[in-house]
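Single-letter residue listing:
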Amino acid sequence: MKILLTGAATRLGQDAAEALRRRGYRLRLSDRRRRRTESEFTQSQLGHGRQTDELVAGMGAVVHLPGPADPMAADAAAWIDSCTRCTYNLLLAAVDAGVEHMVYVSSLDCLEDYDPDFLVTPSWRPRPTTEPAVMAPYLGEFVAREFAQTAQIRLTILRLGHLVDADGVGTGDDLDPMAIDPRDAAAGICAAVVAGDKPEPYRLFHLQGDFEGARFQCGSGRHRLAVTLEHDFGRPRRLPVGS
Amino acid sequence: MKVCLLGGNGQLGPWVVSELERGGYSLRITDVTVPDGSPHETMQVDAGDLDQVRRAGEGCDVIVNCSVLRPHRQLAWNVNTVGAYNALRVAVDMGHERTINTGPHFTVTGEPYHTYDFGLVEEVPPHAGTSLYALSKSTGHEISRLFAEQFPIHVLCLLFLNFRTTDPDDPRYGGRRHGLIPFSVTFPDAARVIRCALEADLTRLPTRHETFFVTADLPHGKYSSDKARRMLDWRAQDSMERFYRRSLQD
């Protein structure tokens, strides 16, 4: 099967491409920015023109990493536009082209507002702030869900924690409690594509690093995705007494 | 009270201007093309541009967002979604106590509901379906919900669909041949609900984000404006019986 991967120039995109390639998928890579690669690559702004139609032609699945070209410099309009309009354009083109499955890669930020003591799972209502970088990926979910609910395409939403390279974190360093190593995140994306072979119209998974002090417990998601995380940032989770 | 009207020169805007004139409001009418010869302050504003919306909101007490764009794949998202963000961002930054948002009923009850269901109420989880107009407006509606949840501002969302005039010689009066869309209201009644929303007692509203169906009293059993009647003291004054009663047909 051939897969379109957007956001391919990002660190996560590059790791996801590598994981998918190792799994035997053929890839078409795309990004808002130009990228030097030996793989098939198309620079695209995911507009509503023919180029997006051509981008999805012949694909069995789409892995969509939404977001502006330069997240650090992007204003509210760029965040909202890239996550809503562009996701809409991509989905419309994918549906027209007969693509069966989309993996929309979102963020666990939309659940950070809950009491940290709560064991928040995918069945909890998102509570994003109005900060564009937090709200916009959630709004993209909002758009994509309508396509799944109207049975136009199978949709998997994968909400990830914050990307932190485990190789750069010492055991004594402060660690973002929502951290996940990009290679583990990429493994999750790959697993979400594999799990898309099942005929469920809509699935939602949470995934972040599994380590002592992690903000979200994602064991159910890991189990359902059948993904094993390789990086615990040197802080293995302590087993409960008696277990 | 000074009102900033976004989309003031669109389909509904001029009717709102007339209604608010009668209410003695001070108006700043904004749109991408402003009306000629208006006695009110006018300003050329693209709702999708935050800086322009901020300038439009300066010195005003409330923003009424009637901006809408339907068919264009870029502009619809700019106006209906980013525009909603801009209006809320400015209203919150300026400390407004309320803002009025508008849209089609598909914002909440899109094709997945509209096609199959009856007895629809505003409190259902929004499902716009995937039409461009409905989904881009629905995403803007969701943005307004998030702002109202997180900031001390009331957002009153008024949802319409089909507008009619009361003048049989006006092309917008509408024909009877194909029956009446069961979510219709006259322009004057639609404008009146905007004024009701501006004057509503906010302490009567259950939450800071409330959505209202704005339709005439129709016997179809599909939609009801009961909530607007209860909370905004609005009731359609213009009858639409002539469009669905055999005995009133020409």
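Residues numbered from 1 in each chain as written. Chains lettered and ligands numbered in written order. Predicted model: local features only at pLDDT ≥ 70, side-chain atom pairs only at ≥ 80, totals over all residues.

Caption draft 1: Local environment of the overall build of chain A. Looking only at helices and strands, chain A features 7 helices and 9 strands. By the compact-globule yardstick of 18 Å for 243 residues, chain A fits well, its C-alpha radius of gyration being 17 Å. Seen through its C-alpha atoms, chain A measures out along the principal axes to roughly 60 × 40 × 35 Å. Counted over contacts in chain A with a minimum sequence separation of 6, partners at least 24 positions apart contribute 67%. (Helix = DSSP H or I, 4+ residues; strand = E, 2+ residues; numbered from the N terminus. Rg over C-alpha atoms; globule rule 2.2 N^0.38 Å. Contact = placed C-beta atoms within 7 Å.)

Caption draft 2: Up close: the interface of chain A and chain B. On the side of chain B, 18 residues touch chain A, which itself brings 21 residues to the contact. Mapped onto the side of chain A that touches chain B, the elements with two or more residues apiece are helix 3 (76–83), helix 4 (85–96) and helix 5 (132–149) of chain A. Considering each element in turn, the side of chain A that touches chain B owes the most residues, 7 residues, to helix 5 of chain A. Partitioned by chemical class, the residues of the side of chain A that touches chain B number 10 nonpolar, 8 polar and 3 charged. (Nonpolar A, V, L, I, M, F, W, Y, C, P; charged D, E, K, R; others polar.)

Caption draft 3: Main features of the sheet that holds strand 3 (residues 41–43) of chain A. Residue and element names in this part refer to chain A. If you trace the 7 strands from one edge of the open sheet to the other, you get 3-2-1-4-5-6-9, paired in parallel fashion. Since the sheet does not close on itself, it has two edges, and those belong to strand 3 and strand 9 (202–207), each with one partner. Within the sheet, the average angular offset between the axes of one strand and its neighbour, ignoring direction, is 15°. One ladder, built from 7 bridges, connects strand 5 (residues 101–107) with strand 6 (residues 154–160); its direction is parallel. Directly across from Y104, in strand 6, lies its bridge partner I157. Relative to strand 4 (residues 61–64), helix 4 is tilted by about 175°, and along the sheet it contacts strand 4 and strand 5. Running over the sheet, helix 6 (residues 182–195) touches strand 1 (2–5), strand 4, strand 5, strand 6 and strand 9 and is turned about 165° from strand 6. (Pairing = 2+ DSSP bridges. Axes fitted to C-alpha atoms, helices over the stretch in contact; angles between N-to-C directions.)

Caption draft 4: A look at the packing of helix 1 (residues 13–22) of chain B against helix 6 (residues 187–199) of chain B. Residue and element names in this part refer to chain B. Where helix 1 meets helix 6, the closest approach of the two axes is 8 Å, and the angle between their N-to-C directions is 55°. It follows that helix 1 is oblique to helix 6 by the angle criterion. The element helix 1 and its partner helix 6 pack so that their crossing is right-handed. Of helix 6, the residues touching helix 1 (which contributes W15, V16, S18, E19 and L20) are F187, P188, A190, A191, R192, I194 and R195. (Parallel < 35°, antiparallel > 145°, perpendicular 65-115°, else oblique. Left-handed = near helix turned anticlockwise from the far one by under 90°.)

Caption draft 5: Fine view of the environment of B:E199. Note on placement: B:E199 falls in helix 6. Along the sequence, B:E199 and B:L232 sit 33 residues apart, while their C-alpha atoms lie 8.2 Å from each other.

Caption draft 6: Representation of the pairing of strand 4 of chain A. Residues and elements named next belong to chain A. Neither face of strand 4 is exposed, since A61 and V63 on one face and V62 and H64 on the opposite face are all buried. Judged from the 3 bridges that link them, strand 1 and strand 4 form a sheet pairing that is parallel. Along strand 4, the bridge assignment pairs I3 with A61. (Buried ≥ 20, exposed ≤ 12 C-beta atoms within 10 Å, placed from the backbone.)

Caption draft 7: Inspection of helix 1 of chain B at higher detail. Inspection of helix 1 of chain B places B:G13, B:W15, B:V16, B:V17, B:E19 and B:L20 among the buried residues, and these make up the whole buried set. Two residues or fewer after helix 1 of chain B comes B:G24, characterised by a positive phi angle close to 80°.

Caption draft 8: Main features of the sheet that holds strand 1 (residues 2–6) of chain B. Residue and element names in this part refer to chain B. A sheet is described by the order of its strands in space; here 7 strands give the open sequence 3-2-1-4-5-6-9, paired in parallel fashion. A strand with exactly one partner marks an edge of an open sheet, and here the two such strands are strand 3 (41–44) and strand 9 (209–213). For this sheet, the mean angle separating the axes of adjacent strands, direction not counted, is 20°. The sheet contact formed by strand 1 and strand 2 (residues 26–31) spans 5 bridges and is parallel. Bridge pairing in strand 2 places V3 opposite L27.

Caption draft 9: Region of interest: the nonpolar core. Ranked by internal contacts, the top residues of the largest apolar core, which has 149 residues, are A:V63, A:M102, A:I189 and B:L158. A total of 10 residues in this core trace back to one element, the largest contributor, which is helix 3 (residues 75–93) of chain B. With residues near it in sequence (within four places) discarded, A:V63 still touches A:I3, A:L5, A:A16, A:V103, A:V105, A:I189 and A:V193. (Core = buried A, V, L, I, M, F, W, Y, C linked by C-beta atoms within 7 Å.)

Caption draft 10: Inspection of the environment of A:K198 at higher detail. Along the chain, A:K198 turns up in the loop between helix 6 and strand 9. Residue A:K198 is classed as exposed on the basis of its C-beta count, with 10 C-beta atoms lying within 10 Å.

Caption draft 11: Quick look at unusual backbone geometry. One non-glycine residue, A:A226, lies in positive phi territory at about 55°. Residue A:A226 is classed as exposed on the basis of its C-beta count, with 9 C-beta atoms lying within 10 Å. Even without being glycine, B:D233 reaches a positive phi, approximately 55°. Tracing the chain through its elements places B:D233 in the segment after helix 7 (226–232). By C-beta crowding, B:D233 is classed as partly exposed, having 13 other C-beta atoms within 10 Å.

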